[in-house]
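Analysis of the macromolecular model
Below, each chain spelled out in residue letters.
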Amino acid sequence: MERINYSIVDVFSNGKYTGNQLAVFKNAGNVPDNEMQQIAKEINFSETTFILSDSKIDGGYDVRIFTPNEEVPFAGHPTLGTAYIIQNEVLDEPLENIILNFKGDQITVSFNNQEELIWMKQNEPTFGRILDENKISEVLNIHKENIDDRFPIQEVSTGLPVIVVPLKSLDAVKKVKVNRGKKFELIEHTEAKAIMVFSPETYNSKNDLNVRDFADFYGIPEDAATGSSNGCLASYLVKYRYFENSEINVRVEQGYEIGRPSLLFLKAGYDTGKINVHVGGKVVKIAQGEWFL
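These lines cover the structure that appears in this document, whether it is placed above or below. These numbers come from a predicted model, not from an experiment. (Residues numbered from 1 in each chain as written. Predicted model: local features only at pLDDT ≥ 70, side-chain atom pairs only at ≥ 80, totals over all residues. Heavy atoms only, no water.)

So, about the environment of Asn179. The residue Asn179 is located in the loop between helix H4 (170-175) and helix H5 (180-187) in this model. The partly exposed category is assigned to Asn179, whose relative accessible area is 25%. Note: C-alpha distance between Asn179 and Ser137 (42 residues apart in sequence) is 9.8 Å. Ignoring sequence-local partners within four residues, the contact set of Asn179 consists of Glu138, Val139 and Asn141. (Helix = DSSP H or I, 4+ residues; strand = E, 2+ residues; numbered from the N terminus. Buried < 20%, exposed > 50% of the residue type's maximum accessible area, 1.4 Å probe, protein only. Contact = heavy atoms within 4.5 Å.)

Structure (structure tokens):
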């Protein structure tokens, strides 16, 4: 019976059993596409990654990402978790930077040993449609007065688009209960299939923002920590000067509502007219084993 090695890590972790879970499979180049999808559904984490080979191609490592429902071109916490496994289980000696080749693009991951943080540099953001607050309030099952109308509700992407929704308070964030039917009606007409809400009030006073991310389309009713969406959020915060500044360096908490408290670090600002986005966090290894193919 053929076997393949895998590891499980918690990404954007506050410690063991926090953050977002990720299964990483190594030397998976011979695994058929449909079996990768079946494995991801069997594990049922928000994402599972497959490192196709221990060898570099075009300067980076080929990686594929699957949610329980489908393959995606890019995602944040799989980027950090997969880079961590390459750094610790594939390379003979550690590197300061590792490049991952995704279907969406190449992403560079940097290791900061002093902070014990891993950082990814995301793609330049694009800003799409601005959406109506009445429709969004119906989707989220909250009164539109809870939406901070000083800022737009907008589709943003650094590789995987999301609808960014500014709310006024932590209480408003807690009240969100997605109307799945209305949400799927909405995303029939949008590029983004996930919704991220955020507020300046937090559970932990050390943090700057609280967020929740809803991605039913991908088989993830609510995500514990979403690196791609937080990269979009970082871009949004800079573009609209949410903190009255064109640069940010903030701590974001996520996952509290589903019992998986997570911590993400966002840095972003303008450079030669473009917004540079970096998302960072800690990774903790939980387990490793063999999978029977």
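Before going further, it helps to spend a moment on the side chain of Ser229. Along the polypeptide, Ser229 turns up in helix H6 (residues 227-239). The residues touching Ser229, leaving out its near neighbours within four places in the chain, are Val162, Met196 and Asp213.

To continue, consider the layout of surface pockets. For the largest pocket, the calculated volume is near 370 Å³. Those elements that place two or more of their residues in the lining of the largest pocket are helix H2 (76-90), strand S7 (106-112), strand S8 (117-122), strand S16 (262-271) and strand S18 (283-292). The element that contributes the greatest number of residues to the lining of the largest pocket is H2, accounting for 3 residues. The residue makeup of the lining of the largest pocket, split by class, is 10 nonpolar, 7 polar and 4 charged. Looking at the second largest pocket, its volume works out to about 200 Å³. Sorting the residues of the lining of the second largest pocket by element identifies strand S9 (126-130), helix H3 (133-140) and H5 as the ones contributing at least two each. Residues that form the lining of the second largest pocket fall into these classes: 4 nonpolar, 1 polar and 6 charged. (1 Å grid on protein atoms, 1.4 Å probe; cavity = no way out; pocket = protein on both sides within 12 Å on 5 of 7 lines; lining within 4 Å. Points joined across faces, edges and corners; volume = space filled by probe spheres on them. Nonpolar A, V, L, I, M, F, W, Y, C, P; charged D, E, K, R; others polar.)

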